[in-house]
Amino acid sequence: MDYKKAGVDIEAGYKAVELMKEHVGKTMRPEVMGGLGGFSGAFSLEAIKNMEHPVLLSGTDGVGTKLKLAFLMDKHDTVGIDCVAMCVNDVACAGGEPLFFLDYIACGKNEPEKIASIVKGVADGCVQAGCALVGGETAEMPGFYPVDEYDLAGFAVGVVDEKDLITGKEIKAGDTLIGIKSSGVHSNGFSLVRKVFNMSAESLNTYYDALGTTLGAALLAPTKIYVKALAAVKTAGVRIKGCSHITGGGFYENIPRMLPDGIRAKVKKDSYEVPAIFRMLAVDGSIEEQMMYNTFNMGVGMVLAVAPENADKAVAAIKGAGEDAFVLGEAAAGDKGVTIC
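Presented here is a report on the structure given in the accompanying data block. Note that the structure is a prediction, hence the values are computed from the model and not measured. (Residues numbered from 1 in each chain as written. Predicted model: local features only at pLDDT ≥ 70, side-chain atom pairs only at ≥ 80, totals over all residues. Heavy atoms only, no water.)

1. A short note on the overall build of the protein
- In terms of regular secondary structure, the protein is built from 12 helices and 14 strands.
- A compact globule built from 341 residues would reach a C-alpha radius of gyration of about 20 Å, and the protein, at 21 Å, matches this within 12%.
- Principal-axis analysis of the C-alpha atoms gives the protein an extent of 70 × 55 × 30 Å.
- Among the 341 residues that make up the protein, the fraction classed as buried is 51%.
- In the protein, 85% of the contacts between residues at least 6 apart in sequence involve partners at least 24 apart.
- Of the roughly 15,300 Å² of accessible surface on the protein, a fraction of 52% belongs to carbon and sulfur atoms.
- Mean positive and mean negative side-chain charge positions of the protein (33 and 43 charges, respectively) differ by 3 Å. (Helix = DSSP H or I, 4+ residues; strand = E, 2+ residues; numbered from the N terminus. Rg over C-alpha atoms; globule rule 2.2 N^0.38 Å. Buried < 20%, exposed > 50% of the residue type's maximum accessible area, 1.4 Å probe, protein only. Contact = heavy atoms within 4.5 Å. Areas by Shrake-Rupley, 256 points an atom, 1.4 Å probe, with all protein chains shown as cover. Lys, Arg positive; Asp, Glu negative; His and termini not counted. Charge placed at Lys NZ, Arg CZ, Asp CG, Glu CD.)

Okay, structure coming up:
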């Protein structure tokens, strides 16, 4: 008896590391010290010495049951973007610049090509966010995961000068809420999605005119990474008073997280067009509107609060960074919460 006969292939692990090196290399920043394969990732903090009061920020998350679609479609090169996005968007919400990222892949069987494909997505996400992939872990766990399945999670560390922290404390009645468009369902609500739609290869490969693609492609579209868009707003000289990443819990749970007491968000649902994938979910699943806005992002991946005189400048900066943005509503006096009207 040996480790390989027990289900763990050490040689496959070595091969996976070799295959992923090319992708990891694309994410390097000058602050990275050492190469892939060490026991820890080293990152110099020399560059942040110019900050008055540097504050480290961190975010951790996984891809969730969206991975079930990747298994069914045998497509593994974009879920890594989801993993990065869920972490770096949270860091960016506080005004931070993501510095580095680490991932964790647990699988039933280490297939080097598949692992490298997953890491390619992680690296692509890191490139979009401007952070370095400084390390990670691939755990082969036979008997714990099915041989053709895996889990994917990670965490990001970023930095911000304390004076630039986005806390929401400055939001007041009359401030403008700006929405940044999502790419679809992103990486939340898939336990409900999988109950609504038939999760078969035939169903996922069906083309819908309303979607402009197949159902599977629409659902697997990777989560938007908003780091550069938020940085563009700051560069344009606009102070972001509050920022909310619309993840699990939709509008009703996430927008209040940026609001101070005594302020209520008024969201105008006709201020933008809800994407077709959400309309399909609501109709096919007989899901009430309140539940839709309490589960999904409904086409809005990020919500910002800015002074009304800065709204146009903020929207223009976001569009200049390659994302679509629009005035979503306003902040008003009232109990902390959300009114969708």
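Back to the text.
2. Some points on the side chain of Thr223
- For Thr223, the location among the structural elements is in the loop between helix 7 (215-220) and helix 8 (227-235).
- The class of Thr223 is buried, set by a relative accessible area of 2%.
- Here Asp82 takes part through its side chain, which lies 2.6 Å from a polar atom of the side chain of Thr223.
- Excluding its chain neighbours within four sequence positions, the residues that come into contact with Thr223 are Lys66, Ile81, Asp82, Ala85, Met86, Asn89, Ser183, His186 and Ser187. (Polar contact = N/O pair within 3.5 Å; in protein donor to acceptor, adjacent residues only side chain to side chain.)

3. Focus: the nonpolar core
- If you look at the biggest cluster of nonpolar residues, it comprises 98 residues, and the most contacted ones within it are Phe101, Phe197, Leu219, Phe251, Ile255 and Leu304.
- Counting residues per element, this core draws most heavily on helix 3 (residues 79-93), which supplies 10 residues.
- Formed by nine residues, the second largest nonpolar core is a distinct cluster that contains Phe43, Leu99, Phe100 and Ala132. (Core = buried A, V, L, I, M, F, W, Y, C linked by side-chain atoms within 4.5 Å.)

4. Topic: the pattern of salt bridges
- Per the stated rule, a full pass over the model turns up 19 salt bridges.
- For the salt bridge of Asp124 with Lys120, the shortest nitrogen-to-oxygen distance reads 2.8 Å. Here the residue Asp124 and the residue Lys120 both occupy positions in helix 4 (residues 112-129), the gap between them amounting to four residues, near one helical turn.
- The partly exposed category is assigned to Lys120, whose relative accessible area is 29%.
- Taking the shortest distance from any N to any O, the salt bridge between Asp261 and Lys336 comes out at 3.7 Å. (Salt bridge = Lys/Arg side-chain N within 4 Å of Asp/Glu carboxyl O.)

5. Examining the sheet that holds strand 6 (residues 150-161)
- Strands sit in the order 3-6-4-5 across an open sheet of four strands; the sheet is mixed. Here the strands that pair on one side only, and so sit at the sheet edges, are strand 3 (54-62) and strand 5 (132-140). Sheet twist, expressed as the mean angle between neighbouring strand axes with direction ignored, is 15°.
- Most of the contacts of helix 3 go to strand 6, to which it runs at about 30°, and overall it touches strand 3, strand 4 (97-107) and strand 6. (Pairing = 2+ DSSP bridges. Axes fitted to C-alpha atoms, helices over the stretch in contact; angles between N-to-C directions.)

6. Concerning the pairing of strand 13 (residues 325-333)
- Here strand 7 (residues 176-181) runs beside strand 13; their pairing, made up of five bridges, is antiparallel. Across the sheet, the residue bridging to Thr176 is Glu330, located in strand 13.
- By the bridge criterion, five bridges tie strand 11 (residues 263-267) to strand 13 in an arrangement that is antiparallel. Counterpart to Arg264 in the pairing with strand 13 is Ala332.

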